[in-house]
Amino acid sequence: YTQVLDAIVWFLQTKFVAAPSCKIYDLGCSTGALLHGVLKAFEEHQGMSYVGVDASHAMLTRLQNDIGVVGRVSLLQHDLNNSFVMTAANAVVFQ
């Protein structure tokens, strides 16, 4: 699992680190395993934003407590069995 996450982060960094902005949606983000790698890879990239989506309030609360306040990270509680609108995504990851 860690190798898969590392490969996803590597791909995102390779494709978007030079872009002036990058918006990544992580569907089914759970406790943020992908987010930690993304934040590290895009540490110097101020144009990167991340939207984590998960149905579980408990998972999102745990993730929020873990990362604290990060201005470029948004968390959305939503059941992915129902549709929702994504805006201007550069990448969508579904775990």
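Residues numbered from 1 in each chain as written. Predicted model: local features only at pLDDT ≥ 70, side-chain atom pairs only at ≥ 80, totals over all residues. Heavy atoms only, no water.

Here helix α1 (residues 2-16) crosses helix α2 (residues 33-41) at 40°, and the two axes come no closer than 9 Å. Considering the angle they form, α1 stands oblique to α2. Here α1 runs over α2; the crossing is right-handed. Two secondary-structure elements touch here, α1 through L5, I8, V9, L12 and Q13 and α2 through A33, L34, G37, V38 and A41. Taken together, the residues of the contact of α1 with α2 sort by class into eight nonpolar, two polar and no charged. (Axes fitted to C-alpha atoms, helices over the stretch in contact; angles between N-to-C directions. Helix = DSSP H or I, 4+ residues; strand = E, 2+ residues; numbered from the N terminus. Parallel < 35°, antiparallel > 145°, perpendicular 65-115°, else oblique. Left-handed = near helix turned anticlockwise from the far one by under 90°. Contact = heavy atoms within 4.5 Å. Nonpolar A, V, L, I, M, F, W, Y, C, P; charged D, E, K, R; others polar.)

What follows covers the confidence of the model for the protein. Averaged over all residues, the pLDDT of the protein is 90; the fraction at 70 or higher stands at 99%. Taken element by element, the predicted model of the protein shows its lowest mean pLDDT in α2 (90) and its highest in strand β1 (residues 22-27) (94). (pLDDT = per-residue confidence, 0-100.)

Within the open sheet, the four strands sit side by side as β3-β2-β1-β4. Their pairing is parallel. Because the sheet does not close on itself, it has two edges, and the strands there are β3 (73-77) and β4 (91-94). In this sheet, neighbouring strand axes are inclined to one another by 15° on average, regardless of whether the strands run parallel or antiparallel. Relative to β3, helix α3 (residues 57-67) is tilted by about 165°, and along the sheet it contacts β2 (48-54) and β3. (Pairing = 2+ DSSP bridges.)

Okay, the pairing of β1 next. The buried count for β1 comes to five of six residues, which makes it a mostly enclosed element. Where β1 and β2 come together, six bridges link them in parallel fashion. Its bridge partner lying in β2, L27 is registered against V53. Since β1 and β2 lie parallel, the crossover through α2 that links them has a hand, and here it is right-handed. Note that β1 and β4 share four bridges and pair parallel. Its bridge partner being in β4, I24 is matched across the sheet by A91. (Buried < 20%, exposed > 50% of the residue type's maximum accessible area, 1.4 Å probe, protein only. Right-handed = clockwise from strand over helix to strand, strands pointing away.)

For the rest of this paragraph, the subject is the side chain of H45. Within the fold, H45 resides in the loop between α2 and β2. Within polar-contact distance, the side chain of H45 engages the backbone nitrogen of G47 at 3.2 Å. Reaching out from H45, the side chain makes a polar contact with the backbone nitrogen of M48 at a distance of 3.1 Å. Leaving out residues up to four positions away in the same chain, H45 has contacts with F16, V17, A19, P20, S21, C22 and R72. (Polar contact = N/O pair within 3.5 Å; in protein donor to acceptor, adjacent residues only side chain to side chain.)

Right, let's talk about the environment of G47 for a bit. Inspection of the secondary structure assignment puts G47 in the loop between α2 and β2. Residues G47 and S21, 26 residues apart in the sequence, show an inter-C-alpha distance of 4.2 Å. In contact with G47, not counting residues within four places along its chain, are P20, S21 and C22.

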